[in-house]
Amino acid sequence: MKPVALITGGQQGIGFGVADALAEAGFALALASRSAPDDPGVVTALGKLGRDARYFRHDLQEIGGIGSLLDSIEAELGPVDALVSNAGVPARVRGDLLDIEPENYDFVLDVNLRGAFFLAQAVARRMIARPAGHYRSIVFVTSVSAAMISIERAEYCISKAGAAMMSELFAARLAPHGIGVFELRPGIIETGMTTGVKDKYTARIEGGLVPAGRWGQPGDVGSAIVPLVTGKMAFANGAVIPVDGGLSIARL
């Protein structure tokens, strides 16, 4: 039986890049997001990923639905061996951090932290409760914004910094059970989320912001995840891996 990977937000952007890489690596895929099953993006993603990919509707804000989500995945594909906690939301409004409205702050943290935490908790409990058939892992896809500030989207940066600590906590808790936990920090990745700032960042990349001299692609993140979820970096448990073309390297 193939190992099973649950990828939140796996139908688009970075999540799809991850899903595509894991399909190539021999995983059965469970994609989860709040989009409707007949959403064109979902239908297209499933068509590209093949017969071992399934879609499950789940809103990370609705933590009461986590149990039924995992039950459905287990019934169709088997227990989750790899959780890729990728789905997240940006700041609803970019602007002065002194003007952030509580409801916008709460929305970002509800998805990026609260929802991600309780899904990872539930997956971890089930992993511990059963014998290992495959290497088990949890990968938190955060952002360079976990450490690099953008004052016009403070709540997003706060959520990613919190997710970085969440990854360390799960890594320490799950290491005795042979479950690897890792954090990937993408940089400027060309996805639908960055469409609105493409011209701005293209100019800055060309000006030297990213040492690699190009936009990152979803496949760059997918390639980095494969060795993590297949056990090739098992003793690097807790590692934080930048996928940013050198963006986060401190420079004078």
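Quantities reported herein were computed from a predicted structural model and do not represent experimental measurements. (Residues numbered from 1 in each chain as written. Predicted model: local features only at pLDDT ≥ 70, side-chain atom pairs only at ≥ 80, totals over all residues. Heavy atoms only, no water.)

As for the environment of M148
- Here M148 lies in the loop between β5 (136–141) and α5 (154–174).
- The exposure class of M148 is partly exposed, given its relative accessible area of 31%.
- Put simply, M148 and A161 are 13 residues apart on the chain and 9.3 Å apart in space, counted from C-alpha to C-alpha.
- Not counting residues within four places of it along the chain, the set of residues in contact with M148 comprises C157, L247 and S248. (Helix = DSSP H or I, 4+ residues; strand = E, 2+ residues; numbered from the N terminus. Buried < 20%, exposed > 50% of the residue type's maximum accessible area, 1.4 Å probe, protein only. Contact = heavy atoms within 4.5 Å.)

Things to note about the packing of aromatic side chains
- Inspection of every chain in the model, using the stated rule, returns three aromatic pairs.
- Between the aromatic rings of F117 and F118, the centroid separation amounts to 5.0 Å while the plane-to-plane angle is 85°, which identifies the pairing as edge-to-face.
- Take F118: its relative accessible area is 30%, and that puts it in the partly exposed class.
- Both rings, one in F117 and one in F170, keep their centres 5.5 Å apart while their planes meet at 55°; by these two values the pair is tilted. Highlighted residues: F117 in helix α4 (residues 102–129) and F170 in helix α5, separated in sequence by 53 residues.
- Residue classification places F117 among the partly exposed residues on the basis of a relative accessible area of 30%.
- Judged by its relative accessible area of 8%, F170 is buried.
- An aromatic cluster of at least three residues, connected via ring pairs, comprises F117, F118, F140 and F170.
- The ring of F107 has R92 sitting right over it, with the charged end atom 3.9 Å from the ring centre. (Phe/Tyr/Trp six-rings, centres within 6.5 Å; stacked < 30°, edge-to-face > 60°. Lys NZ or Arg CZ within 6 Å of the ring centre and 35° of its normal.)

Here's the deal with the pattern of salt bridges
- Summed over the entire model, instances satisfying the criterion amount to ten salt bridges.
- Via salt bridges that share partners, K2, R51 and D52 belong to a single interconnected network. (Salt bridge = Lys/Arg side-chain N within 4 Å of Asp/Glu carboxyl O.)

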